[in-house]
Amino acid sequence: MTRKSFMKRTAAPFYWIAIPAAILFFAFHTFPALQGFFYSLTNSRGYGTFDFVGLQNYIDLFSDPSILNSYAFTFKFAIVSTIAVNALSLLLALGLTANIRLRGFLRSVYFLPAVLAVVVVSFVANFVFSTALPAVGQATGVEALSTNILGSQSLAWIGIVLVTVWQGCAVTTVIYMSGLQTVPEELLEAATIDGANGWQRFWSITFRLIAPFVTVNVILSFKGFLMIFDQIIALTGGGPGTSTQSISFLIYRNGFTAGEFGYQSANAVIYFIVIAALSLVQLRLLRQREVSA
Amino acid sequence: MTTFTTTATIRRRSNWLLTALLLAGSFVILVPLYLTIVTALKTPAEMRTNLWGLPTVWHWENLATAVSVTDFPRALANSAFVTILTVVLTVLSNSLVGYAIARNMHKRSFKFLFFYFVSALFIPFPIIMLPLVKQMSILHLDNLIGLVVMYVVFNLAFNVLLYTGYLQTIPKELEEAAKIDGAGVWTTYWRVIFPLLMPVNATVAILTALGTWNDFLGPLVILSDDSSYTLPLVQYAFQSQFSTNYNLAFASYLLALAPMLIIYLIAQRWIVGGIVQGALK
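Since the structure is predicted, the reported quantities are computational estimates derived from the model, not experimental observations.

Next up on the list: the overall build of chain B. Helix and strand counts for chain B come out as 15 helices and zero strands. Radius of gyration (C-alpha) of chain B: 25 Å, far over the 19 Å computed for a compact globule of 281 residues. Per-residue burial for chain B yields a buried fraction of 49% across its 281 residues. In chain B, of all internal contacts separated by at least 6 residues, the share reaching a separation of at least 24 is 70%. One way to put it: in chain B the 16 positive side-chain charges average out to a point 15 Å from where the 11 negative ones average out.

Below, the structure is given as structure tokens:
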């Protein structure tokens with residue numbers, strides 16, 4: 001048999017696999033996404049009749065204070081959390097790969113938060129912030145601890161960052177640990193012999209070599225934190241007032257329960273554009289690294 | 001020669017300061033867990049006088065109360081059903097699709113499929129969420145089965161990337177040898193390829209299990225009947241019933257966290273390994 005007929009003969013089962021997969025994917029992923037675009041051009045309430053309003057939703061979005069605030073809050077939260085998580089994780093990774101005792105135990109503990117459901121952890125944290133910590137603050141007379149940080153319009157976001165960092169460090173730390181293990185011992189030893197101290201060794205050698213891990217981690221963290229939802233539901237419900245409404249929380253709450261189906265769909269489209277743009281940036285950066293590496 | 005001795009000495013001296021610092025830091029992780037356990041086993045009265053200490057009387061019956069109030073067995077069964085079914089179907093189907101694409105990348109249609117599936121990684125759930133819920137409801141899939149379908153299909157985005165990557169390391173000679181022996185595509189796949197994919201299958205299984213078990217937003221929007229609620233969703237649904245009865249609430253939270261905690265204690269290596277593999281891809 002010729003090469004061509006051999007290939008043709010074996011192609012059929014592949015199509016039997018690929019086509020149903022594509023159809024299902026279209027039906028449950030692409031089609032709803034397209035519907036999302038469609039509804040963003042309407043004033044649909046999620047049920048009943050609706051009218052086309054063209055780009056009116058989009059125009060309204062840009063002058064809606066609660067929408068703008070949600071983007072401001074989400075970005076502020078994501079930037080701070082990304083920096084905090086990555087800096088802390090890198091430090092933890094350095095510590096956990098160093099010559100310490102109880103290494104197994106410590107690694108187990110620091111990774112534990114990753115397997116717990118975010119929303120349940122957030123419920124526990126809610127109690128810690130509202131009751132447990134203030135009790136300590138009042139008993140010891142520390143003013144700062146005595147009130148519920150989640151009850152403050154200006155500081156609640158910090159409470160959310162703390163909970164996120166508590167859980168977010170786990171996976172990031174483990175990834176940095178993998179990265180650190182790719183740094184050849186000999187390089188560090190040679191540098192020590194040449195008289196470099198800890199700091200110098202870290203910045204000139206270690207950090208340079210794990211740079212790709214840092215890039216990936218930072219972008220993944222940032223994208224992930226922009227999608228924050230579970231913590232908001234359990235810690236503040238978007239409050240106090242509207243000060244901690246994340247983008248996805250607003251889309252969920254107003255889209256489903258406030259009848260703003262069409263309007264929030266437009267919000268979701270903007271959100272999608274932001275995330276997609278970030279992902280493209282991520283790809284570009286990774287490609288550049290691959291080329292230069 | 002001097003170099004050898006120097007590094008050998010450095011290696012042998014453990015860093016006690018760092019160990020102590022890390023141990024102190026680990027308290028930040030352990031204390032909330034400690035609080036969860038002790039609060040779950042106290043009474044509301046005791047909370048006022050002894051919030052941080054060990055319970056004077058260990059009220060194990062709080063756990064029983066939580067079990068009956070929140071219908072814990074049903075929620076546990078729901079979570080288990082969704083997770084197990086999703087993991088099994090995902091590993092079986094996603095690997096197959098990954099294989100089909102990996103072995104046909106030279107064809108334009110399959111290459112398009114690859115980018116089509118993977119591009120979904122860029123699409124955040126909220127934009128699909130609102131219309132998807134309507135659609136699931138119309139299709140009578142606003143239940144655990146619908147949840148499984150959604151998960152298995154959405155998992156294609158990441159897993160196709162994972163599987164095609166790994167399949168590049170499997171030489172085509174193995175399949176060609178199987179074909180010469182008369183095996184068709186299906187037989188070749190299940191007898192030859194799938195066993196070789198076990199490392200990736202393990203990674204996918206662990207990542208899927210963890211993600212599915214702990215997912216909240218999916219069940220929140222898709223499930224309409226509260227008897228089908230999964231463990232995380234149940235904690236949310238009962239907030240008003242818990243109101244300020246922290247002991248009951250925490251008993252429930254403890255029960256909700258317990259399965260994963262136990263599995264983690266037993267299968268730590270696997271879980272951490274799986275997550276690292278997945279993230280590095």
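Having put the structure on the table, let's press on.
This part takes up helix H8 (residues 198-226) of chain A. Relative to the 42 Å expected for 29 residues at 1.5 Å per residue, H8(A) spans just 35 Å between its end C-alpha atoms, considerably shorter than the ideal helical length. The sharpest bend along H8(A) comes to roughly 55 degrees, located at Ala211(A), with the proline Pro212(A) sitting one to four residues further on.

Residues and elements named next belong to chain A. Take phenylalanine 38: it is sitting in helix H1 (residues 3-39). Remark: the alpha-carbon pair of phenylalanine 38 and isoleucine 158, spanning 120 residues in sequence, is separated by 37 Å. Once residues within four sequence positions are removed from consideration, phenylalanine 38 is found in contact with Phe50 and Phe52.

Here we come to the domain arrangement of chain B. A common measure of how large an interface is: the accessible area buried when the components associate. Entries for chain B in the domain assignment read domain 1 (2-49) and domain 2 (72-234 + 266-280). Look at where the C-alpha atoms of domain 1 of chain B and domain 2 of chain B centre, and you get two points 36 Å apart.

A few words now on the confidence of the model for chain B. Residue and element names in this part refer to chain B. Within chain B, residue pLDDT values average 89, and 95% of them lie at 70 or more. Of all secondary-structure elements in chain B, the lowest mean pLDDT belongs to helix H1 (residues 2-12), at 48, while helix H5 (residues 72-102) reaches the highest, 95. Contacts from residues 1-10, a stretch scored under 50 in pLDDT, to residues over four places away or in other chains number three contacts. As a predicted assembly, this complex carries a pTM of 0.88 together with an ipTM value of 0.87.

Residues and elements named next belong to chain A. If you check helix H6 (residues 156-180), its first and last C-alpha atoms are 35 Å apart, about what 25 residues at 1.5 Å a residue would give, namely 36 Å. The principal kink in H6, of about 40 degrees, is found at cysteine 169. Burial within H6 is extensive, with 21 of its 25 residues counted as buried.

Per the stated rule, a full pass over the model turns up two cavities of 30 Å³ or more. In this structure, the largest cavity occupies an estimated 40 Å³ of space. Surrounding the largest cavity, Ala117(A), Val120(A), Trp213(B), Asn214(B), Leu231(B), Pro232(B) and Ala256(B) form its lining. Elements represented by at least two residues in the lining of the largest cavity include exactly helix H11 (198-214) and helix H13 (231-237) of chain B. Classifying every residue of the lining of the largest cavity gives six nonpolar, one polar and no charged.

Definitions and limits used
- Residues numbered from 1 in each chain as written.
- Chains lettered and ligands numbered in written order.
- Predicted model: local features only at pLDDT ≥ 70, side-chain atom pairs only at ≥ 80, totals over all residues.
- Heavy atoms only, no water.
- Helix = DSSP H or I, 4+ residues; strand = E, 2+ residues; numbered from the N terminus.
- Rg over C-alpha atoms; globule rule 2.2 N^0.38 Å.
- Buried < 20%, exposed > 50% of the residue type's maximum accessible area, 1.4 Å probe, protein only.
- Contact = heavy atoms within 4.5 Å.
- Lys, Arg positive; Asp, Glu negative; His and termini not counted.
- Charge placed at Lys NZ, Arg CZ, Asp CG, Glu CD.
- Expected span 1.5 Å × (residues − 1).
- Bend = angle between axes of the 7 residues up to and from the residue.
- Domains from an automatic or database assignment.
- pLDDT = per-residue confidence, 0-100.
- 1 Å grid on protein atoms, 1.4 Å probe; cavity = no way out; pocket = protein on both sides within 12 Å on 5 of 7 lines; lining within 4 Å.
- Points joined across faces, edges and corners; volume = space filled by probe spheres on them.
- Nonpolar A, V, L, I, M, F, W, Y, C, P; charged D, E, K, R; others polar.

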